[in-house]
Protein chains: 2
Amino acid sequence: MTIQQSAQPDILNANCPSRTVLRHITDRWTPMIVTVLTPRRQVRFKELRERVQGISPKVLTETLRSMERDGLVTRVVTASVPPRVDYELTDLGMSITRPIAALRRWAEGHVTEIEEHRQAYDNALH
Amino acid sequence: MTIQQSAQPDILNANCPSRTVLRHITDRWTPMIVTVLTPRRQVRFKELRERVQGISPKVLTETLRSMERDGLVTRVVTASVPPRVDYELTDLGMSITRPIAALRRWAEGHVTEIEEHRQAYDNALH
DNA sequence: CAGTATCCATAGTGATACTG
DNA sequence: CAGTATCACTATGGATACTG
């Protein structure tokens with residue numbers, strides 16, 4: 001007797017592994033890293049760190065490792081002094097760029113509207 | 001002298017309010033709640049609680065309040081015994097359904113592929 | 001039924017200094 | 001340059017019981 005897994009993954013199902021997948025692609029920094037990597041070129045650790053403003057080296061490393069583990073990015077090491085490491089989206093990683101870009105554009109495009117809603121809500125003293 | 005805000009919101013900018021917007025629409029439960037509300041009908045608290053499997057009443061309330069504050073949902077109270085409260089997406093809320101559906105479909109559609117990547121990565125003993 | 005209240009656990013950062 | 005190591009914190013989420 002094995003644990004029955006639903007044939008079609010369903011995000012609403014508490015035990016569905018798609019929840020973990022969603023969690024990963026929507027974590028704090030992944031969408032921003034994907035945004036920087038979207039032109040599909042190799043980007044150095046340093047450049048990622050600079051462009052994803054506010055991320056610490058520790059968290060950048062952790063997030064990139066998780067993305068590499070999930071198969072979203074490849075890590076390319078060039079043995080040199082000083083060392084050089086580039087990251088690049090895989091085909092799988094590229095396939096998420098459009099949904100993430102849509103999300104990013106929505107966030108960037110509705111800032112004002114949402115801030116107005118918050119103001120109105122807070123002024124109504126709920 | 002005022003704090004200069006960029007004309008175009010930019011998610012990569014540490015101080016850009018779009019980061020908060022993105023954070024809200026990608027938090028743990030918002031995508032699932034949006035998924036249930038996507039057919040744009042009024043849905044009772046109870047039904048949300050049942051369909052978004054695993055969410056506690058406290059967190060469901062908190063998430064719905066945050067969504068209401070941002071203008072994504074409306075809360076409709078029907079004074080009756082027992083009480084009845086329905087939630088429904090606003091126009092703004094509806095405008096996020098497509099990006100979120102794309103994300104959800106991606107997550108559900110790539111579960112197997114990603115799990116295989118993780119296996120391979122872990123087996124390589126990084 | 002639709003929440004609140006309470007208490008609690010911990011994942012998820014974050015700052016900073018250090019190293020191969 | 002590209003990380004790791006440490007330490008610490010706090011927001012988020014979870015369990016459960018209670019209430020208008």
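Residues numbered from 1 in each chain as written. Chains lettered and ligands numbered in written order. Predicted model: local features only at pLDDT ≥ 70, side-chain atom pairs only at ≥ 80, totals over all residues. Heavy atoms only, no water.

### Notes on helix α2 (residues 30-37) of chain B
To keep it simple, the criterion reads: Accessible area is worked out with a 1.4 Å probe on protein chains only. A residue is then buried under 20% of its type maximum, exposed over 50%, and partly exposed in between. In this description a helix means any DSSP run of H or I spanning at least four residues, a strand means any run of E spanning at least two, and both kinds are numbered starting from the N terminus.
Of all 8 residues in α2 of chain B, 8 are buried; the element is thus mostly enclosed. For α2 of chain B, the full list of buried residues reads T30, P31, M32, I33, V34, T35, V36 and L37 of chain B.

### Some points on the protein's contact with DNA strand C
Basically, it comes down to this: It suffices for a single heavy atom of a residue to lie within 4 Å of a molecule or strand for the residue to be listed as near it. Each polar contact in these results corresponds to two N or O atoms within 3.5 Å; when the atoms are within protein, one needs to be able to donate a hydrogen and the other to accept it, and residues that are neighboring in sequence are counted only if both atoms are side-chain atoms. Gly counts as polar in this scheme, as do all residues outside two lists: the nonpolar Ala, Val, Leu, Ile, Met, Phe, Trp, Tyr, Cys and Pro, and the charged Asp, Glu, Lys and Arg.
In the vicinity of DNA strand C there are 18 residues, among which R28 and K58 of chain A together with K46, R65 and R75 of chain B approach most closely. Restricting the count to atoms of DNA strand C within 4 Å of the protein gives a sugar and phosphate share of 67%. One of the side-chain nitrogen or oxygen atoms of W29 of chain A is found 3.2 Å away from a phosphate oxygen of DNA strand C. Y87 of chain B is positioned such that a nitrogen or oxygen atom in its side chain is 2.8 Å from a phosphate oxygen of DNA strand C. The leading source of residues in the surface near DNA strand C is helix α4 (residues 57-69) of chain B, at 4 residues. In the surface near DNA strand C, the residues fall into 8 nonpolar, 1 polar and 9 charged.

### A few points about the relation of the copies chain A and chain B
In plain terms, the rule: Copy-to-copy alignment: least squares on C-alpha atoms, limited to residues at pLDDT 70 or above in both. Whether two residues touch is decided by their heavy atoms; if any such pair falls within 4.5 Å, the residues are in contact.
Superposing chain A onto chain B takes a rotation of 180° plus a shift of 0.0 Å along the axis, which leaves an RMSD of 0.0 Å. In the structure described here, the two chain copies are related by an operation that fits a two-fold rotation axis. Same-surface contact between copies: 100% of interface residues of chain A are shared with the interface of chain B.

### Some details on the pairing of strand β2 (residues 73-78) of chain A
Residue and element names in this part refer to chain A. For the record, the criterion: If DSSP finds at least two bridges between two strands, the strands pair.
Looking at chain direction, β2 and strand β3 (residues 84-89) are connected through 6 bridges and run antiparallel. Across the sheet, the residue bridging to V77 is V85, located in β3. Between β2 and the antiparallel strand that follows it, β3, lie 5 residues.

### Examining the protein's contact with DNA strand D
Lining the immediate surroundings of DNA strand D are 18 residues, of which K46, R65 and R75 of chain A together with R28 and K58 of chain B lie closest. In DNA strand D, the atoms that sit within 4 Å of the protein are 65% sugar and phosphate, with bases accounting for the remainder. A distance of 3.5 Å is found between a phosphate oxygen of DNA strand D and a backbone nitrogen or oxygen belonging to V85 of chain A. Within the side chain of K58 of chain B, one N or O atom sits 2.3 Å away from a base oxygen of DNA strand D.

### Some words on the nonpolar core
Heads up, the condition is: Among buried residues, the Ala, Val, Leu, Ile, Met, Phe, Trp, Tyr and Cys ones that are joined through side-chain atoms within 4.5 Å form a nonpolar core.
Membership of the largest hydrophobic core comes to 62 residues, with the highest contact counts inside it found for I33 and L48 of chain A together with I33 and L48 of chain B. Ignoring sequence-local partners within four residues, the contact set of I33 of chain B consists of L48, V52, L60, T63, L64 and M67 of chain B.

### A word on helix α6 (residues 97-109) of chain B
Under the convention used in this document: Expected helix span is computed as 1.5 Å times (number of residues minus one).
Compared with an ideal rise of 1.5 Å per residue, which puts 13 residues at 18 Å, α6 of chain B spans 18 Å between its outermost C-alpha atoms and is within 8% of the ideal. Burial in α6 of chain B covers these residues: T97, P99, I100, A101, L103, W106, A107 and E108 of chain B.

### So, the UniProt feature "domain: HTH hxlR-type" (unreviewed entry) in chain A
How we decide: UniProt positions are given in the numbering used here, feature names are shortened, and annotations may be inferred rather than shown by experiment.
As annotated by UniProt and renumbered to match this structure, "domain: HTH hxlR-type" (unreviewed entry) occupies residues 16-115 of chain A. Taken end to end, residues 16-115 of chain A is 59% helix and 14% strand, and its first and last C-alpha atoms sit 34 Å apart.

### Remarks on the side chain of D70 of chain B
Along the polypeptide, D70 of chain B turns up in the loop between α4 and β2 (73-78). Reaching out from D70 of chain B, the side chain makes a polar contact with the side chain of R118 of chain A at a distance of 2.8 Å. For D70 of chain B, the side chain forms a polar contact with the side chain of H24 of chain B, separated by 2.6 Å.

### Describing the packing of helix α4 (residues 57-69) of chain A against helix α7 (residues 111-123) of chain B
In plain terms, the rule: In this analysis an axis means a line fitted to C-alpha atoms, helices contributing only their contacting stretch, and an angle means the value between N-to-C directions, from 0 to 180 degrees. Note on terminology: angles under 35 degrees are roughly parallel, angles over 145 are roughly antiparallel, angles of 65 to 115 are roughly perpendicular, and the others are oblique.
One can describe the packing of α4 of chain A onto α7 of chain B by two numbers: an axis separation of 8 Å at closest approach and a directional angle of 110°. Relative to α7 of chain B, the element α4 of chain A is oriented roughly perpendicular. Contact with α4 of chain A, carried on its side by R65, E68 and R69 of chain A, involves H117, R118, Y121 and D122 of chain B of α7 of chain B and no other residues of that element.

### Some remarks on the sheet that holds strand β3 (residues 84-89) of chain B
Residues and elements named next belong to chain B. The antiparallel open sheet is built from 3 strands, whose spatial order is β1-β3-β2. Looking at strand neighbours, the two that pair on one side only are β1 (43-44) and β2, the edges of this open sheet. Here β1 runs beside β3; their pairing, made up of 2 bridges, is antiparallel. Bridged to R44 within β3 is D86. In the packing of α4 onto the sheet, the strands contacted are β2 and β3, and the crossing angle to β2 comes to about 115°.

### Points about the packing of aromatic side chains
Selection criterion: Any two rings among Phe, Tyr and Trp, with Trp reduced to its six-membered ring, count as a pair given centres within 6.5 Å; such a pair is stacked if its planes are under 30 degrees apart, edge-to-face if over 60, and tilted if neither. In this scheme, the term charge over a ring applies when either NZ of a lysine or CZ of an arginine sits within 6 Å of the ring centre and within 35 degrees of the ring normal.
In this structure the tally under the stated criterion is 0 aromatic pairs over all chains. The aromatic ring of W29 of chain A is capped on one face by R28 of chain A, whose charged end is 5.4 Å from the ring centroid.

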